[in-house]
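Next come the chains, spelled out residue by residue.
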Number of protein chains: 2
Amino acid sequence: MKQNNSKQGATIHDVAEYAGVSAMTVSRVVNKSASVSEKMRKKIENAIEELNYVPNLAARAARTGVNKIGIIFSNPKSHNLGDFLMGAFTAGSKLGCELLIEPLPAHPEPLDALKTLINKGVSGVILPPPICDSLEAHQLARKHSVTALSFASGNPKLHSPAVLIDDFSGASAMTHYLIGLGHKKIAFVKGDPSHSPAISRFEGFMVAMAEAGLDVDDDCIYQGDFTYKSGLEVAQKLFAKDKFQRPTAIFATNDEMAAAIIAVAHGMDVKVPEEISVAGFDDTAIASTVWPQLTTVHQPLRQMAEKAVEILDASLRKNAQEQKHFVAPFKLVERESTGHC
Amino acid sequence: MKQNNSKQGATIHDVAEYAGVSAMTVSRVVNKSASVSEKMRKKIENAIEELNYVPNLAARAARTGVNKIGIIFSNPKSHNLGDFLMGAFTAGSKLGCELLIEPLPAHPEPLDALKTLINKGVSGVILPPPICDSLEAHQLARKHSVTALSFASGNPKLHSPAVLIDDFSGASAMTHYLIGLGHKKIAFVKGDPSHSPAISRFEGFMVAMAEAGLDVDDDCIYQGDFTYKSGLEVAQKLFAKDKFQRPTAIFATNDEMAAAIIAVAHGMDVKVPEEISVAGFDDTAIASTVWPQLTTVHQPLRQMAEKAVEILDASLRKNAQEQKHFVAPFKLVERESTGHC
DNA sequence: AATCGCTATGGTAACGATATCATTAATTCA
DNA sequence: TGAATTAATGATATCGTTACCATAGCGATT
């Protein structure tokens with residue numbers, strides 16, 4: 001089977017000829033844009049298959065114009081930006097839409113990033129936390145007829161599209177996993193309270209503990225803010241405690257804080273996971289960088305970004321019947337930072 | 001000044017009319033593709049400016065076909081993939097070329113990644129270390145008339161395009177910086193010897209030390225392999241030494257190893273930077289994640305990736321006179337992990 | 001039976017750019 | 001001087017799609 005080289009393969013006309021119809025009808029089948037009889041559709045779909053036809057996106061774009069989709073991202077130094085961009089651009093080039101990227105920190109006001117994108121003429125935007133939870137952002141978008149998609153929000157708006165994981169269940173699964181390893185006294189490091197997923201993750205933890213009939217002491221709940229440094233501070237407090245009073249496991253709301261905890265443990269000669277198990281959340285690059293590598297909840301950022309672009313593109317082409325909410329499956333990734341009690 | 005909305009702004013015909021010439025002449029000016037008189041050129045450039053004309057890439061692509069550029073990247077978990085992709089895609093969408101990404105680890109044989117890309121019909125590829133130093137890779141590319149660009153290689157081929165920083169000078173600058181802080185006994189952590197930049201960085205260090213008339217003890221040179229874990233092992237050996245025998249600064253060939261050293265120091269209650277200064281190289285996300293944040297040599301990955309795509313695109317459009325080697329400026333970034341002796 | 005309103009299809013033009021060939025003017029060569 | 005070459009420009013066709021309008025067929029309504 002030959003790959004399609006830079007030389008274009010079959011065109012819509014080839015398909016039309018092969019199926020004995022006009023190019024327009026093929027176009028209608030490809031774009032599901034108008035009524036085509038069942039018989040024709042089958043014949044054409046067969047021809048497409050047979051000739052291995054792939055629409056030429058450049059030509060389509062020349063005729064219909066390109067969908068511009070804006071992406072706001074909060075942290076250019078983020079450890080998972082790579083994954084996210086891979087997904088977004090994969091979908092973008094598959095669908096032939098233009099992606100505009102706007103870093104949040106480049107703007108004095110968070111909403112300015114959105115305004116910039118709107119001025120550049122986007123017809124859809126992807127909003128990550130925390131801006132995805134801002135009512136003003138959604139209002140602003142709507143005012144300019146820009147479709148806003150909440151990405152990885154903890155409480156997505158029902159009326160607008162969203163791509164996310166079930167943070168609650170992810171945290172709950174991790175908690176049950178730790179309990180399954182025999183841990184009873186489990187500490188939790190909360191994340192930045194302005195990030196909605198942080199809240200859901202905390203709730204997942206609390207509910208899972210309750211389900212298992214385990215108490216959660218107040219002094220086992222630490223407040224972090226998602227940064228490595230805050231993880232460092234939590235760890236120092238934690239390990240200052242007497243060895244026998246310490247929790248045997250700690251679950252942090254993200255990987256950076258978990259990594260910091262491991263770093264401190266390492267230095268204080270507290271063995272991970274022998275003396276304390278450490279779990280994170282997100283499965284960013286740092287989770288497999290540190291040693292021992294982090295047990296964490298994998299968020300399939302690549303697929304999520306792909307899906308987000310697909311949903312926006314579809315809704316902009318007003319195949320409006322498309323599913324608007326997509327909940328990606330999380331996955332518990334067991335590495336070396338957790339073990340039996 | 002109105003931004004160009006999704007509605008296309010001026011077209012080549014508008015420019016032509018405004019300048020009183022034919023569209024073809026405008027096209028020639030835009031593409032520098034054939035001789036145009038100086039007078040015309042000025043008039044047209046003025047019109048372009050005036051009407052704020054931007055070529056419609058989709059339309060161009062429809063006529064001329066798209067340049068496919070392949071990107072091989074070695075580590076999908078890399079902390080700087082995000083920056084790299086941002087740059088590559090920025091340039092890609094500016095120039096209207098299609099980017100195909102191929103992760104190296106997905107293939108049993110390193111060359112398979114290249115073969116896959118060639119089969120997909122790319123006309124240019126970006127090769128990072130270590131594959132950029134493989135003669136076979138370059139031969140394979142050439143055999144299929146694919147232009148191969150060495151990205152961030154330590155010793156780029158003269159006859160083929162390359163984008164890189166001056167690793168030698170970067171390491172040398174950092175070494176001088178440490179010396180300037182009063183350090184005399186400086187340790188060095190080498191990187192994976194199969195990565196050519198690692199070699200250049202080591203040489204930069206050695207030469208700078210020699211220039212300053214400082215000795216480098218054999219036991220101050222450690223062998224790492226770019227991983228966090230190898231940094232951990234080096235640090236353990238290092239800090240096992242008596243406090244007064246220890247070096248007062250350590251310079252690691254990349255940020256991950258430097259971050260590991262800080263982590264160990266933190267745990268062993270060795271204050272960074274008071275008792276030991278730690279420096280890294282690359283300025284990846286991890287450098288500003290850890291605490292104290294790493295002093296490091298910034299490699300402008302985003303611009304480098306942009307430039308790489310631009311060079312390939314230009315050479316594929318056979319404006320072959322273009323500059324083929326681009327040495328990006330590094331920058332010494334002073335953060336909190338280094339201080340006076 | 002004439003009219004209407006669908007559905008299913010095709011014909012044609014156009015999207016905005018460039019390849020190619022044709023044309024004119026300017027220059028060089030024998 | 002006349003022919004040949006080169007440089008500068010324009011006219012036209014075309015890339016692969018889709019928008020738009022036209023048309024044919026057919027059942028339902030009056």
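Calculation notes
Residues numbered from 1 in each chain as written. Chains lettered and ligands numbered in written order. Predicted model: local features only at pLDDT ≥ 70, side-chain atom pairs only at ≥ 80, totals over all residues. Helix = DSSP H or I, 4+ residues; strand = E, 2+ residues; numbered from the N terminus. Contact = placed C-beta atoms within 7 Å. Domains from an automatic or database assignment. Near = placed C-beta within 6 Å. Nonpolar A, V, L, I, M, F, W, Y, C, P; charged D, E, K, R; others polar. Least-squares fit on C-alpha atoms with pLDDT ≥ 70 in both. Axes fitted to C-alpha atoms, helices over the stretch in contact; angles between N-to-C directions. Parallel < 35°, antiparallel > 145°, perpendicular 65-115°, else oblique. Left-handed = near helix turned anticlockwise from the far one by under 90°. Pairing = 2+ DSSP bridges. Core = buried A, V, L, I, M, F, W, Y, C linked by C-beta atoms within 7 Å. Buried ≥ 20, exposed ≤ 12 C-beta atoms within 10 Å, placed from the backbone. Right-handed = clockwise from strand over helix to strand, strands pointing away.

Caption draft 1: Molecular detail of the overall build of chain A. A count of helices and strands for chain A gives 12 helices and 12 strands. Here the C-alpha coordinates of chain A stretch approximately 80 × 45 × 35 Å along the principal axes. Summarising the internal contacts of chain A: among those between residues at least 6 apart in sequence, 72% fall at separations of at least 24.

Caption draft 2: Geometry of the domain arrangement of chain A. Per the domain assignment, the segments making up chain A are domain 1 (12-55), domain 2 (66-165 + 301-328) and domain 3 (167-299). Between the C-alpha centres of domain 1 of chain A and domain 3 of chain A the distance comes to 55 Å.

Caption draft 3: Structural detail: the protein's contact with DNA strand D. The environment of DNA strand D is formed by 28 residues, the closest being I12, S27, N56 and A59 of chain A together with S35 of chain B. Elements represented by at least two residues in the surface near DNA strand D include exactly α1 (12-19), α2 (23-31) and α4 (57-64) of chain A together with α2 (23-31) and α4 (57-64) of chain B. For the surface near DNA strand D, the per-class residue count stands at 13 nonpolar, 12 polar and 3 charged.

Caption draft 4: Quick peek at the relation of the copies chain A and chain B. Note on the identical chains: chain A maps onto chain B by a rotation of 180 degrees and an axial translation of 0.1 Å, with an RMSD of 0.2 Å. Within this description, the copies of the chain are treated as partners about a two-fold rotation axis. Residue G267 of chain A of chain A places its C-alpha closer to the rotation axis than any other residue of that unit, at 1.2 Å. Here 100% of the interface residues in chain A have copies in chain B that are interface residues too; the copies meet face to matching face.

Caption draft 5: Quick peek at the interface of chain A and chain B. Every contact between the two is made by 41 residues of chain A and, on the other side, 42 residues of chain B. Within the residue set of the side of chain A that touches chain B, elements represented by two or more residues are α4, α5 (81-95), β2 (98-103), α10 (228-240) and α11 (255-267) of chain A. The element that contributes the greatest number of residues to the side of chain A that touches chain B is α5 of chain A, accounting for 6 residues. When grouped by side-chain class, the residues that make up the side of chain A that touches chain B number 19 nonpolar, 16 polar and 6 charged.

Caption draft 6: Focus on the packing of helix α8 (residues 167-180) of chain B against helix α9 (residues 196-211) of chain B. All names here are of chain B. Two elements in contact, α8 and α9, have axes whose closest approach is 7 Å; the angle formed by their N-to-C orientations is 40 degrees. What the angle tells us is that α8 and α9 run oblique. Seen along the crossing, α8 lies across α9 with a hand that is right-handed. The segment α8 lies against α9, with D167, F168, S169, G170, A171, S172, T175 and H176 engaging P197, S200, R201, E203, G204, F205, V207, A208 and M209. Looking at side-chain class alone, the contact of α8 with α9 contains 7 nonpolar, 7 polar and 3 charged residues.

Caption draft 7: How the structure looks around the sheet that holds strand β5 (residues 162-165) of chain B. Residue and element names in this part refer to chain B. Taken in spatial order, the 6 strands of this open sheet run β2-β1-β3-β4-β5-β11, and their pairing is parallel. Lying at the two open borders of the sheet, with one neighbouring strand each, are β2 (98-103) and β11 (325-328). Averaged over all pairs of adjacent strands, the angle between strand axes in this sheet comes to 15 degrees, irrespective of strand direction. Note: strand β1 (residues 68-73) against strand β3 (residues 124-127), 3 bridges, orientation parallel. Opposite I69, over in β3, you have G124 as the bridge partner. Helix α13 (residues 301-316) rests against β1, β3, β4 (147-151), β5 and β11 of the sheet, and its axis sits at about 160 degrees to β4.

Caption draft 8: Inspection of the protein's contact with DNA strand C at higher detail. As a structural note, the neighbourhood of DNA strand C is formed by 27 residues, with S35 and R63 of chain A together with T11, I12 and S27 of chain B the closest of them. Mapped by element, the contributors of at least two residues to the surface near DNA strand C are α2 and α4 of chain A together with α2 and α4 of chain B. Looking at side-chain class alone, the surface near DNA strand C contains 13 nonpolar, 11 polar and 3 charged residues.

Caption draft 9: Highlighting the nonpolar core. One finds V125, L149 and I261 of chain A together with V125, L149 and I261 of chain B to be the most contacted residues of the largest nonpolar core, which totals 185 residues. If sequence neighbours within four positions are ignored, L149 of chain B has contacts with G124, V125, I126, L127, P161, A162, V163, A308, I311 and L312 of chain B.

Caption draft 10: The arrangement of the pairing of β3 of chain B in detail. Residues and elements named next belong to chain B. With burial as the criterion, each face of β3 is covered, one bearing G124 and I126 and the other bearing V125 and L127. Two strands pair when backbone bridges link them, and β3 and β4 are joined in this way by 4 bridges, in the parallel orientation. Residue pairing for β4: V125 is matched across the bridge by A148. Of the crossover connections in this fold, the one passing from β3 over helix α7 (residues 135-143) to the parallel β4 is right-handed.

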